[in-house]
Number of protein chains: 2
Amino acid sequence: MLLFHNTMSAPSRFVRLLLGEYGEEPELQEELPWARRPEFLQINPAGTLPVMIGEAGTGIVGAFPISEYLDETRGPIMRNRRLMPGSPLERAEVRRLIDWFLVKTEGDVTRALVRERAFKLQMSAAEGGGAPDSAVLRTARANIRQHMRYLGWLAQNRNWLAGDTLTAADLAAGAAISILDYLGEIDWSGEPSARDWYQRIKSRPSFRGLLADRVRRLPPAPHYSDLDF
Amino acid sequence: MLLFHNTMSAPSRFVRLLLGEYGEEPELQEELPWARRPEFLQINPAGTLPVMIGEAGTGIVGAFPISEYLDETRGPIMRNRRLMPGSPLERAEVRRLIDWFLVKTEGDVTRALVRERAFKLQMSAAEGGGAPDSAVLRTARANIRQHMRYLGWLAQNRNWLAGDTLTAADLAAGAAISILDYLGEIDWSGEPSARDWYQRIKSRPSFRGLLADRVRRLPPAPHYSDLDF
């Protein structure tokens, strides 16, 4: 199994966590989303990440299709460790939260901070590289607080984010939050319930690969890999 | 059943088409996405559309969770008219295309054109209303061509967009394209296969409600409701 991903892509991290929970160890190939490599566009004309090359050699494109594919093909043998609950309404809640963290948090916060602080460091001037745009950073940072409050509210009112058991929603949230934490953008002092939840998810074996990730020229926040932060 | 929607929201139109194909007639409540009505934010803190209030009185939030929920609860009784294929790989392809039309086309084209041409007409100056930004219009219009080419390629190489049978992917594409067609933004002369596909999907009874939609102060392109355009 092969996964085209980027270290700073939350949907990519989500799929790496899913595969970790399913006990799969894919070969990872890092893709630079702005490069639009022709061979990669052949596999995914949208140019987005992640793309998983599965058993049949066919590319499965995008976090939402991959997540559902893995649940359909591997979910049943997971039994009570399945990452999607049994009832349609509970499944809808898991999917709502995946959308929240991989689409809304992404659009309000993560995409902008990653582009300005990580990708622009690696891009040439012709590709749009250079110094971060401080107005964009300011807007994204102002939005973080609302997202941390919502995460805190979920963590305070539920055992895991979508209910009693660990689900794919926790992995989607962990994927997004771990990128913001790498960048040192999260003030953990304000949201003790969110912090407690993150400590639990961060301690899972599926998280180890993410905590070992390093971006060229951009070291992580000092506490990034600490399980006790 | 109640659906919070907006006439100019492609994910809302997608769910209306799904419900039409499933033979459901929901009560429709139009929501102005920029208004951020407190009662609506109680149901969906993300403030996004659509939201469906289903059998249990619970809100099901977002096109992707609603589409999966409807397939899980109603798909099996649809038998060979089911909108999701049977195999996990074919289902992944349908989901990839839903993502393409409701996320990529939305981000590259639809969202900008709807905001500039439809929403700004209805918003007060304080809400951000006013004349369209011509630079934004220019970029979105330049992107339409690539999206129409891809639609044409799919329509030429497959019977329906995801394969032999009508699936939710056709409804997602129909939702996005019908909004661009309302706005008169599509040049149908360049893509005969896409036009043939749109004629077929537009003729379905599930499409009737969409073709009767009208936006205040913004009449549709003259051919919008014609089944033979």
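Please read these numbers as outputs of a predicted model, since none were measured by experiment.

## Quick word on the packing of aromatic side chains
Stage number 1. Counted under the stated rule, the structure contains 21 aromatic pairs over all chains.
Stage number 2. Aromatic pair Tyr150 of chain B and Trp153 of chain B: ring centres 6.1 Å apart, planes at 5°, arrangement stacked. Pair noted here: Tyr150 of chain B and Trp153 of chain B are both in helix H5 (residues 134–157), with a separation of three residues, about one helical turn.
Stage number 3. With a centroid separation of 5.8 Å and an interplanar angle of 75°, the aromatic rings of Tyr198 of chain B and Phe229 of chain B are classed as edge-to-face. In this pair, Tyr198 of chain B is assigned in helix H7 (residues 192–202) and Phe229 of chain B in the segment after helix H8 (208–212), connecting sequence segments 31 residues apart.
Stage number 4. Every member of this aromatic cluster is reached through a ring pair, and the members are Trp188, Trp197, Tyr198, Phe207 and Phe229 of chain A.
Stage number 5. Note that Lys104 of chain B overlies the ring of Trp100 of chain B, its terminal NZ or CZ placed 5.8 Å from the centroid.

## As for the sheet that holds strand E2 (residues 27–30) of chain B
What links the strands of a sheet is backbone hydrogen bonding, and the strands pair in either a parallel or an antiparallel sense.
Residue and element names in this part refer to chain B.
Stage number 1. Taking strand neighbours across the sheet as the criterion, the four strands line up as E2-E1-E3-E4 in an open arrangement whose pairing is mixed. Each of the sheet's edge strands pairs with one partner strand only, and the pair in question is E2 and strand E4 (59–61). Neighbour to neighbour, the strand axes of the sheet diverge by 20° on average, direction disregarded.
Stage number 2. Summarising the sheet, strand E1 (residues 2–5) and strand E3 (residues 51–53) pair through three bridges and their orientation is antiparallel. Its bridge partner being in E3, Leu2 is matched across the sheet by Ile53.

## Some words on the domain arrangement of chain A
Residues and elements named next belong to chain A.
Stage number 1. Taken domain by domain, chain A comprises domain 1 (2–81) and domain 2 (88–204).
Stage number 2. Placing the centre of domain 1 and that of domain 2 at their C-alpha centroids yields a distance of 19 Å.
Stage number 3. Both sides together, the interface formed by domain 1 and domain 2 hides about 1,700 Å², and carbon and sulfur atoms give 71% of it.
Stage number 4. Considering only the side of domain 1, the residues that lose the most area to domain 2 are Met8, Phe14 and Trp34, jointly responsible for 42% of the buried surface there.
Stage number 5. The tally of links from domain 1 across to domain 2 stands at three salt bridges.
Stage number 6. One salt bridge in this structure joins Glu68 and Arg95, with 2.8 Å as the shortest N-O distance.
Stage number 7. Between domain 1 and domain 2 we count five residue pairs in polar contact (both at pLDDT 80 or more) in total.
Stage number 8. Secondary structure elements with two or more residues in the side of domain 1 that touches domain 2: helix H1 (10–21) and helix H3 (63–78).

## What about the interface of chain B and chain A?
Stage number 1. The interface of chain B with chain A comprises 22 residues on the first partner and 22 residues on the second.
Stage number 2. Contact between chain B and chain A buries roughly 2,300 Å² in total, counting both sides, with carbon and sulfur atoms accounting for 72%.
Stage number 3. When the buried surface of chain B facing chain A is broken down by residue, Phe64, Leu89 and Arg95 of chain B rank first, second and third, together holding 27% of it.
Stage number 4. At the junction of chain B with chain A, the criterion picks out four salt bridges.
Stage number 5. Counting every contact that joins chain B to chain A gives four residue pairs in polar contact (both at pLDDT 80 or more).

## Concerning the pattern of salt bridges
Stage number 1. The full count for this structure, using the stated rule, is 38 salt bridges over all chains.
Stage number 2. The shortest N-O distance in the salt bridge between Arg141 of chain A and Glu185 of chain A comes to 2.9 Å. Within this pair, whereas Arg141 of chain A is found in helix H5 (residues 134–157), its partner Glu185 of chain A is found in the loop between helix H6 (168–182) and helix H7 (192–202), the two being separated by 44 residues in sequence.
Stage number 3. Residue Asp213 of chain B pairs with Arg16 of chain B through a salt bridge whose shortest N-O separation is 2.8 Å. Here Asp213 of chain B is found in the segment after H8, whereas its partner Arg16 of chain B is found in helix H1 (residues 10–21), with 197 residues between them in sequence.

Conventions and cut-offs
- Residues numbered from 1 in each chain as written.
- Chains lettered and ligands numbered in written order.
- Predicted model: local features only at pLDDT ≥ 70, side-chain atom pairs only at ≥ 80, totals over all residues.
- Heavy atoms only, no water.
- Phe/Tyr/Trp six-rings, centres within 6.5 Å; stacked < 30°, edge-to-face > 60°.
- Helix = DSSP H or I, 4+ residues; strand = E, 2+ residues; numbered from the N terminus.
- Lys NZ or Arg CZ within 6 Å of the ring centre and 35° of its normal.
- Pairing = 2+ DSSP bridges.
- Axes fitted to C-alpha atoms, helices over the stretch in contact; angles between N-to-C directions.
- Domains from an automatic or database assignment.
- Buried area = accessible area lost by both parts, 1.4 Å probe.
- Salt bridge = Lys/Arg side-chain N within 4 Å of Asp/Glu carboxyl O.
- Polar contact = N/O pair within 3.5 Å; in protein donor to acceptor, adjacent residues only side chain to side chain.
- Contact = heavy atoms within 4.5 Å.

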